[in-house]
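# Per-entry structural report
Each chain is listed here by its residues.
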Amino acid sequence: MKIAVPKESAAGEQRVALVPSNVAQLVADSHEIQIEAGAGEAAGYSDIEYEEAGAASVVERTDLLSQADLIVQVRGLGANEDAGRADLEHLRAGQTVLGLQEPLWAPELTQEVAAKGVTVMALETIPRISRAQSMDVLSSMATLAGYKAVLLAAIRLPQMFPMMMTAAGTVRAARVFVLGAGVAGLQAIATARRLGAVVEGYDIRPAASEQIESLGAKAVQLPVESEGAEDAGGYATAQGEDFNRRQREFLTEVLADKDVVITTAAIPGRQSPLLLETSMVDGMKPGSVIVDLAAERGGNCELTQADQEVQHGGVLVLGPTDLPSSVSRHASQMFSNNVTTLLKHLCDEGSFQFDVSDEITRDVVVAKDGEILHPMMREKLGLPETTTKAETAEAAEA
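Heads up: these notes are all about the structure in this document.

Rules behind the numbers
Residues numbered from 1 in each chain as written. Predicted model: local features only at pLDDT ≥ 70, side-chain atom pairs only at ≥ 80, totals over all residues. Heavy atoms only, no water. Helix = DSSP H or I, 4+ residues; strand = E, 2+ residues; numbered from the N terminus. Rg over C-alpha atoms; globule rule 2.2 N^0.38 Å. Buried < 20%, exposed > 50% of the residue type's maximum accessible area, 1.4 Å probe, protein only. Contact = heavy atoms within 4.5 Å. Areas by Shrake-Rupley, 256 points an atom, 1.4 Å probe, with all protein chains shown as cover. Lys, Arg positive; Asp, Glu negative; His and termini not counted. Charge placed at Lys NZ, Arg CZ, Asp CG, Glu CD. Phe/Tyr/Trp six-rings, centres within 6.5 Å; stacked < 30°, edge-to-face > 60°. Lys NZ or Arg CZ within 6 Å of the ring centre and 35° of its normal. Pairing = 2+ DSSP bridges. Polar contact = N/O pair within 3.5 Å; in protein donor to acceptor, adjacent residues only side chain to side chain. Axes fitted to C-alpha atoms, helices over the stretch in contact; angles between N-to-C directions. Parallel < 35°, antiparallel > 145°, perpendicular 65-115°, else oblique. Left-handed = near helix turned anticlockwise from the far one by under 90°. Nonpolar A, V, L, I, M, F, W, Y, C, P; charged D, E, K, R; others polar. 1 Å grid on protein atoms, 1.4 Å probe; cavity = no way out; pocket = protein on both sides within 12 Å on 5 of 7 lines; lining within 4 Å. Points joined across faces, edges and corners; volume = space filled by probe spheres on them. Core = buried A, V, L, I, M, F, W, Y, C linked by side-chain atoms within 4.5 Å. Right-handed = clockwise from strand over helix to strand, strands pointing away.

Looking only at helices and strands, the protein features 14 helices and 19 strands. Against the 2.2 N^0.38 benchmark of 21 Å for 398 residues, the protein shows a C-alpha radius of gyration of 22 Å, consistent with a compact globule. Taken over the C-alpha atoms alone, the protein extends approximately 65 × 50 × 35 Å along its principal axes. Looking at the protein residue by residue over its 398 residues, the buried ones come to 53%. Contacts in the protein between residues far apart in sequence, at least 24 positions, make up 67% of those at least 6 positions apart. A total accessible area of about 17,300 Å² is found for the protein, and carbon and sulfur atoms account for 50% of it. Mean positive and mean negative side-chain charge positions of the protein (32 and 57 charges, respectively) differ by 5 Å.

And the structure:
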């Protein structure tokens, strides 16, 4: 199979979908790998390293895209609408594209790709089951986001994280509060603890308290019971307005003495839940820092603006949307390992085996032969339970 790795075209994106060590593995499995010249430079991987791993460097992007059987990229059209559309005309029926596609947030963009007869594989829909953990790109990138969020806060906070006893007096430890104990939140807790902060964490899911405390942080308990707080995929579920009101009242008290607040709450395919209203930020200390990792979908804080810094009453609110890209070398390595493991799972003797009886394959292949397959995508697009290739093309043109 001929696999192409184009240079990422999204503004600010520094990752590359495959790194040289994984290229060598795929070449050993009889795949032909072509890399767009300069694709790995922003992540610290030179064209020479790729060539030594067995890949061919291609200068013309159009040739790379049009000739490939499989295109592997970090951001597909759904996750790169502005710049990604330029590649659409070079795709052809029978090809497969693999990457982050935002299938539940921007399903109409994936529908456009599917209408060309291209098979679309979305890394966001890999099931959260034990045998798919090594393929879970979202968890890998969330780990890096949680780590980098703490470093970002530490840089901008006008004090140090650890307690220090010096000849000039004792410096108290920073107090850090992490909202959401998923992968990003737990990594943020662990990183803040390593830096010496006093850390507390909160999550509406009952099972999260044990995970928070296992990292040496205090689990904050909301004295209100949540209903069905966790879905089958392990994500927190939306709650009723009464619960949300009580939660805001409780959190207002918790935030009052915190130096750093990191929010990580997200619901797949939906707007980020609002956890911190402006009035709650008003009660925080001047000099405090909020890092909102849900900024790309509106943010957990009412004041958050994506990729902007907001000053409010002495509190700094940061809304970074692509922190993993700022750790581009390790982010690329982790992303590439996940993708390579997935490809090895999907391929047999150099070609794809689309076995719909396999849960991983069934979930990751969201469109094939012109049809949208993923049930949640179909629901968002208003498609019936089954559709034809012609109906998909007609809907994409509408």
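After presenting the structure, the write-up continues.
For any pair of aromatic rings, the description consists of the separation of the ring centres together with the inter-plane angle of the planes. Tallying each qualifying case throughout the model produces one aromatic pair. Of note, Arg 329 hangs over the ring of Tyr 45, and the distance from its end group to the ring centre comes to 4.2 Å.

Turning our attention to the sheet that holds strand S2 (residues 32-36). Spatial ordering of the open sheet is given by S3-S2-S1-S4-S5-S6-S18-S19, a layout of eight strands whose pairing is mixed. The open sheet has two edge strands with one neighbour each: strand S3 (56-58) and strand S19 (371-372). Taken together, the four bridges between strand S5 (residues 96-100) and strand S6 (residues 119-122) define a ladder with parallel strand orientation. Residue pairing for S6: Val 97 is matched across the bridge by Val 120.

Glancing now at the side chain of Glu 200. Looking at the element boundaries, Glu 200 is found in strand S10 (residues 198-202). A distance of 3.4 Å separates the side chain of Glu 200 from the side chain of Arg 175, its partner in a polar contact. The residues contacting Glu 200, other than those within four sequence positions of it, are Arg 175, Val 176, Phe 177, Val 178, Lys 218, Val 220 and Lys 258.

Quick look at helix H5 (residues 107-114) now. Within H5, six of the eight residues are buried, which leaves the element mostly enclosed by the surrounding structure. Here H5 has its buried residues at Pro 107, Leu 109, Thr 110, Gln 111, Val 113 and Ala 114.

Bringing the packing of helix H6 (residues 137-156) against helix H7 (residues 183-194) into the picture now. Here H6 crosses H7 at 40 degrees, and the two axes come no closer than 7 Å. The angle between the axes of H6 and H7 places the two elements in the oblique class. Crossing of H6 against H7: the hand is right-handed. Two secondary-structure elements touch here, H6 through Ser 139, Ala 142, Thr 143, Gly 146, Tyr 147, Val 150 and Leu 151 and H7 through Val 183, Ala 184, Gln 187, Ala 188, Thr 191 and Ala 192. Tallied by class, the residues present in the contact of H6 with H7 amount to eight nonpolar, five polar and no charged.

Before going further, it helps to spend a moment on the layout of surface pockets. Put simply, the second largest pocket is a space of about 480 Å³. Lining the second largest pocket are 25 residues, and of these Ala 10, Arg 75, Ala 79, Asn 80 and Glu 296 sit closest to its centre. The element contributing the most residues to the lining of the second largest pocket is helix H4 (residues 81-88), with three residues. Across the lining of the second largest pocket, the residue classes tally to nine nonpolar, seven polar and nine charged.

So, about the pairing of strand S13 (residues 289-292). Of the two faces of S13, the one lined by Val 289 and Val 291 and the one lined by Ile 290 and Asp 292 are each fully buried. Here strand S12 (residues 260-263) runs beside S13; their pairing, made up of four bridges, is parallel. From the neighbouring strand, Val 260 faces S13, where its bridge partner is Val 289. In this sheet, strand S15 (residues 315-318) lies alongside S13 in parallel orientation, the contact comprising three bridges. Bridge assignment links Val 291 to a residue of S15, and that residue is Leu 318.

Here the focus is the nonpolar core. Counting residues in each nonpolar core, the largest one holds 43 residues, and the members touching the most others are Ile 3, Leu 70, Leu 98, Leu 123, Phe 335 and Leu 342. If you list the elements that add at least two residues to this core, you get strand S1 (2-5), helix H1 (20-28), S2, strand S4 (70-75), S5, H6, helix H11 (328-346) and helix H12 (359-364). Contact partners of Leu 70, with chain neighbours within four places excluded, come to Met 1, Lys 2, Ile 3, Ala 4, Thr 96, Leu 98, Met 121, Leu 343 and Phe 352.

The next thing to look at is the pairing of strand S9 (residues 175-179). The buried fraction of S9 amounts to four of the five residues, a majority that puts the element mostly inside the structure. Here S9 pairs with S10 via five bridges, running parallel. The residue of S10 that forms the bridge with Val 178 is Gly 201. Note that the unit made of S9, H7 and S10 has a crossover that is right-handed. One ladder, built from four bridges, connects S9 with S12; its direction is parallel. Within S12, the position partnered with Val 176 by the bridge is Val 260.

Don't take any of this as a statement about function, it's just geometry.
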